[in-house]
Amino acid sequence: EAQVTQNPRYLITVTGKKLTVTCSQNMNHEYMSWYRQDPGLGLRQIYYSMNVEVTDKGDVPEGYKVSRKEKRNFPLILESPSPNQTSLYFCASSLWTGGTDTQYFGPGTRLTVL
Amino acid sequence: DQQVKQNSPSLSVQEGRISILNCDYTNSMFDYFLWYKKYPAEGPTFLISISSIKDKNEDGRFTVFLNKSAKHLSLHIVPSQPGDSAVYFCAASVNNNDMRFGAGTRLTVKP
């Protein structure tokens, strides 16, 4: 089954404790991205990657890091989480066809930073 | 800077009637527009899209209209069904890059 998986689905942590949210897709997609969803703001892009070892900042990259060492995986790293990073996070992937493809989303990771 | 806006946070319609969800954008460079549907505890799923070279795209009960001069698009659902109750996100991008989403509209279809 074609899918995007994220782990963990729920996480409660404390300020400053480094964490990683994993994202994996089995569709051989080139393009992957991370979003956060906040009430009244919709989905905002954090980082995206057009292929292995190619990453770029999205709309709200501050406080986040990503890496793309393999095509299927795109982990989101919070080196020193803060309460304003409490949010619902979605990973997404798509084929890179220059404007005609749509993104497939993971189920979401609800993060609470105390 | 919200380049994509959905000004109605919620919409309630009767089963069988038409649902019209609206979306406005400010960036004239956007060339691809999408609607996503999101159920609670799930990720958004793609619903329908439209390229800026078109003004209408239809898929079953769902039709998206694009008015480039007004920088406005809308999603029509006819007839609405209770299973359509979800949050709908409008999205826009330039060449499928740096996609911007609206804040979402919660649609409730009453039986």
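Above this text you will find the structure in question.
Counting from 1, residues in each chain are numbered in the order their sequence is written. Just so you know, chain letters begin at A and ligand numbers begin at 1, following the order they were written in. With pLDDT at 70 or above as the cut-off, local features in this predicted model cover only qualifying residues; side-chain atom pairs require 80 or more to be listed or tallied, and sums for whole chains, interfaces and linings still use all residues. Values shown for side chains rest on all heavy atoms present in the structure; no hydrogens or waters enter the calculation.

## Quick look at the state of the cysteines
Link 1 in the chain: The criterion for a disulfide is a pair of cysteine sulfur atoms lying within 2.5 Å. Going through the model one piece at a time under the given rule, you end up with two disulfides over all chains.
Link 2 in the chain: Here C23 of chain A pairs with C91 of chain A through a disulfide, and the sulfurs are 1.8 Å apart. Between C23 of chain A and C91 of chain A, the disulfide has an S-S torsion of -70° and is therefore left-handed. With C23 of chain A in strand β3 (residues 19-25) and C91 of chain A in strand β9 (residues 87-94), this residue pair connects regions lying 68 residues apart in the sequence.
Link 3 in the chain: By relative accessible area, C91 of chain A is classed as buried at 0%.
Link 4 in the chain: The disulfide bridge from C23 of chain B ends at C90 of chain B, spanning 2.0 Å between sulfur atoms. Taking the sign of the torsion about the S-S bond as the criterion, the disulfide between C23 of chain B and C90 of chain B, at about -75°, is left-handed. What counts as a helix is a DSSP run of H or I of at least four residues, what counts as a strand is a run of E of at least two, and both are numbered from the N terminus. Between buried and exposed lies partly exposed: a residue is buried under 20% and exposed over 50% of the maximum accessible area for its type, with that area taken using a 1.4 Å probe on protein chains only.

## Some details on the sheet that holds strand β6 (residues 56-59) of chain B
Residues and elements named next belong to chain B.
Link 1 in the chain: Strand pairing requires that DSSP identify at least two bridges connecting the strands. If you walk across this open sheet you meet the five strands as β1-β3-β8-β7-β6, and the pairing is antiparallel. In the strand order of this sheet, the two ends are held by β1 (4-5) and β6, each with one partner.
Link 2 in the chain: In the sheet, strand β3 (residues 19-25) pairs with strand β8 (residues 72-77) via six bridges, with the strands oriented antiparallel. Pairing of C23 across the sheet is with L73, part of β8.

## A closer look at the sheet that holds strand β7 (residues 65-66) of chain A
Residue and element names in this part refer to chain A.
Link 1 in the chain: The four strands are arranged β1-β3-β8-β7 in an open sheet whose pairing can be described as antiparallel. Each edge of the open sheet carries a strand with a single partner, namely β1 (4-7) and β7.
Link 2 in the chain: Of the strand pairs in this sheet, β1 and β3 are connected by four bridges, and their pairing is antiparallel. Looking at β3, one finds that T5 is bridged to S24.

## A closer look at the interface of chain B and chain A
Accessible area lost during the coming together of the parts is what is often quoted as the interface size.
Link 1 in the chain: It only takes one pair of heavy atoms within 4.5 Å for two residues to be counted as in contact. Each side of the interface is counted separately: chain B has 20 residues, and chain A has 25 residues.
Link 2 in the chain: Computed with a 1.4 Å rolling probe, the buried area is the accessible surface lost when two parts are put together, summed over both parts. When chain B packs against chain A, the two sides together hide about 1,800 Å² of surface, and 51% of this comes from carbon and sulfur.
Link 3 in the chain: Salt bridge, as used here: a side-chain nitrogen of Lys or Arg that lies within 4 Å of a carboxyl oxygen of Asp or Glu. Viewed at the interface, chain A and chain B are joined by one salt bridge.
Link 4 in the chain: The closest approach of N and O atoms between R100 of chain B and D59 of chain A, which form a salt bridge, is 3.5 Å.
Link 5 in the chain: We call two N or O atoms a polar contact when they sit within 3.5 Å, provided that within protein one can donate a hydrogen and the other can accept it, with sequence-adjacent residues counted only if both atoms are side-chain atoms. On the surface where chain B and chain A come into contact, there are zero residue pairs in polar contact (both at pLDDT 80 or more).
Link 6 in the chain: If you list the elements that add at least two residues to the side of chain B that touches chain A, you get β4 (32-38) and β10 (97-101) of chain B.
Link 7 in the chain: With five residues, the top contributor of residues to the side of chain B that touches chain A is β10 of chain B.
Link 8 in the chain: Each residue receives one of three labels: charged for Asp, Glu, Lys and Arg, nonpolar for Ala, Val, Leu, Ile, Met, Phe, Trp, Tyr, Cys and Pro, and polar for the others, Gly being one of them. In terms of residue class, the side of chain B that touches chain A is built from 10 nonpolar, six polar and four charged.

## Focus on the environment of T15 of chain A
Residue and element names in this part refer to chain A.
Link 1 in the chain: With respect to the helices, strands and loops of the structure, T15 is situated in the loop between β2 (10-13) and β3.
Link 2 in the chain: The sequence separation of T15 and P81 amounts to 66 residues, and the corresponding C-alpha distance is 5.3 Å.
Link 3 in the chain: When residues no more than four places from it in sequence are discounted, the contact partners of T15 are P81, S82, P83, V113 and L114.

## Things to note about the side chain of S74 of chain B
Residue and element names in this part refer to chain B.
Link 1 in the chain: With respect to the helices and strands, the residue S74 is situated in strand β8.
Link 2 in the chain: In this structure the side chain of S74 is engaged in a polar contact, spanning 3.4 Å, whose partner is the side chain of H76.
Link 3 in the chain: Setting aside its immediate chain neighbours within four residues, S74 contacts I20, L21, N22, W35, T63, V64 and F65.

## A few points about the nonpolar core
Link 1 in the chain: For this analysis, a nonpolar core means a set of buried residues of the types Ala, Val, Leu, Ile, Met, Phe, Trp, Tyr and Cys, connected via side-chain atoms within 4.5 Å. Residues F33, W35, L73, L75 and Y88 of chain B are the most contacted members of the largest nonpolar core, which totals 23 residues.
Link 2 in the chain: If you list the elements that add at least two residues to this core, you get β3, β4, β5 (45-51), β7 (62-67), β8, β9 (86-94) and β11 (105-110) of chain B.
Link 3 in the chain: Beyond its immediate chain neighbours, meaning those up to four positions away, Y88 of chain B contacts Q6, L21, W35, Y36, K37, L47, L75, I77, G104, T105 and L107 of chain B.
Link 4 in the chain: With 19 residues, the next largest nonpolar core counts W34, I46, Y89 and V113 of chain A among its residues.

## Section: the environment of F30 of chain B
All names here are of chain B.
Link 1 in the chain: Mapped onto the elements, F30 comes out in the loop between β3 and β4.
Link 2 in the chain: Spatially, the C-alpha atom of F30 lies 13 Å from that of C90, the residues being 60 residues apart in sequence.
Link 3 in the chain: Ignoring anything within four residues of it in the chain, the contact list for F30 reads Q3, V4, Y25, S52, A92, S93, V94 and R100.

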